[in-house]
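So the chains spell out like this:
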Amino acid sequence: MAPELDVAADEVDHSAEAAEAPRPGGPLRRLIATLLDMGIFCGLCALLATPVTRAIHWTALPVNLQEVTDAVSDPTWISHASGVLGMWIALWWCYFAVGWGLFGATPGKRLCGLEIIDHQHRCPIGLTRGLLRLIAYSVSSFTFGIGHLMVVFRPDRCALHDILAGTRVVRRQKR
């Protein structure tokens, strides 16, 4: 009888652990969160680019290939384009790495009730792991999206970047 009680106690312990384990964020919820993040990110980029676009003389835009070549070699145009591109890249890194690493989720993920945890179920995951996840996210994207699609086929709902960074996207738990 005593061994049966031990087995029953073990089953209770496992079910308690299962109840506490965070539920993975599903593919549709993650897709909606990503689309929200892209919309927010594009809006922020537009705000940052507004001062630069006001400095461009739109009536003097090139109309043929020679004028395009001349415009691209113009130092003023190059500095404007480089400035905008640099702001977008910096914003990309800050938005995602800081969102994931220091706040536990980007605004889109937060709106969809998701958060990022590490292998020890800690949230936020820290800036270093957030940066690592962003680099791994790029790898998922460079595989023609196959790294992102892994979420659909894996039972744990981890994408390639989650596996590489040691993170998971889960439904936010009430604290």
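Fair warning: this is a prediction, and the values are worked out from it, not measured in the lab.

**What to know about the overall build of the protein chain**
Within the protein chain, the secondary structure is distributed over eight helices and two strands. Secondary structure elements in the protein chain, listed N-terminal to C-terminal, are α-α-α-α-α-β-α-α-α-β. Here the contacts in the protein chain between residues at least 6 apart in sequence split such that 69% fall between residues at least 24 apart. By element, 69% of the accessible surface of the protein chain is carried by carbon and sulfur atoms, the whole surface being about 11,100 Å².

**Thoughts on the packing of helix 2 (residues 27-55) against helix 4 (residues 75-103)**
Where helix 2 contacts helix 4, the axes come no closer than 10 Å and their chain directions differ by 155 degrees. Taken together, helix 2 and helix 4 sit at an angle that is classed as roughly antiparallel. For the pair helix 2 and helix 4, the sense of crossing is right-handed. Residue-level inspection shows Asp-37, Met-38, Ile-40, Phe-41, Leu-44, Cys-45, Leu-48, Ala-49, Val-52 and Ala-55 of helix 2 in contact with helix 4, the latter providing His-80, Val-84, Met-87, Trp-88, Leu-91, Trp-92, Tyr-95 and Phe-96. Of the residues in the contact of helix 2 with helix 4, the class split is 16 nonpolar, one polar and one charged.

**Comments concerning the packing of aromatic side chains**
On inspection of all chains with the given rule, the structure shows seven aromatic pairs. When the ring of Trp-92 is compared with that of Phe-96, the centres are 4.6 Å apart and the planes differ by 55 degrees; the resulting orientation is tilted. With Trp-92 and Phe-96 both in helix 4, this residue pair falls four residues apart, about one helical turn. Since its relative accessible area comes to 24%, Trp-92 is described here as partly exposed. Taking relative accessible area as the criterion, Phe-96 reaches 3% and is therefore assigned buried. Measuring from ring centre to ring centre gives 5.6 Å for Trp-100 and Tyr-137, while their planes differ by 55 degrees; the resulting arrangement is tilted. Residue Trp-100 is located in helix 4, and its partner Tyr-137 is located in helix 6 (residues 127-142); the two are separated by 37 residues in the primary sequence. For Trp-100, a relative accessible area of 1% gives the class buried. You can call Tyr-137 buried: its relative accessible area is 12%. One aromatic cluster is present, built from ring pairs that chain together Phe-41, Trp-92, Tyr-95, Phe-96, Trp-100 and Tyr-137.

**Re the nonpolar core**
With 15 residues, the main nonpolar core has Phe-41, Phe-96, Trp-100, Leu-114, Ile-116 and Leu-134 as its most contacted residues. When residues in this core are grouped by element, the largest group, five residues, is from helix 4. Those residues in contact with Ile-116 that sit more than four places away from it in its chain are Trp-100, Gly-104, Lys-109, Arg-122, Cys-123, Ile-125, Arg-133, Thr-167, Arg-168 and Val-169.

**Quick notes on helix 4**
Across its 29 residues, helix 4 extends 39 Å between first and last C-alpha, which sits within 8% of the 42 Å expected from 1.5 Å per residue. At Ala-97, helix 4 shows its maximal kink, close to 25 degrees. Along helix 4, the positions that sit buried rather than exposed are Val-84, Leu-91, Tyr-95, Phe-96, Ala-97, Gly-99, Trp-100 and Gly-101. Buried residues along helix 4 sit in contact with helix 2, helix 5 (107-111), strand 1 (114-118) and helix 6. Of the residues flanking the end of helix 4, it is Gly-104, one or two places downstream, whose phi is positive at about 85 degrees.

Thresholds applied
- Residues numbered from 1 in each chain as written.
- Predicted model: local features only at pLDDT ≥ 70, side-chain atom pairs only at ≥ 80, totals over all residues.
- Heavy atoms only, no water.
- Helix = DSSP H or I, 4+ residues; strand = E, 2+ residues; numbered from the N terminus.
- Contact = heavy atoms within 4.5 Å.
- Areas by Shrake-Rupley, 256 points an atom, 1.4 Å probe, with all protein chains shown as cover.
- Axes fitted to C-alpha atoms, helices over the stretch in contact; angles between N-to-C directions.
- Parallel < 35°, antiparallel > 145°, perpendicular 65-115°, else oblique.
- Left-handed = near helix turned anticlockwise from the far one by under 90°.
- Nonpolar A, V, L, I, M, F, W, Y, C, P; charged D, E, K, R; others polar.
- Phe/Tyr/Trp six-rings, centres within 6.5 Å; stacked < 30°, edge-to-face > 60°.
- Buried < 20%, exposed > 50% of the residue type's maximum accessible area, 1.4 Å probe, protein only.
- Core = buried A, V, L, I, M, F, W, Y, C linked by side-chain atoms within 4.5 Å.
- Expected span 1.5 Å × (residues − 1).
- Bend = angle between axes of the 7 residues up to and from the residue.

All quantities given are derived from atomic positions and should not be read as evidence of function.
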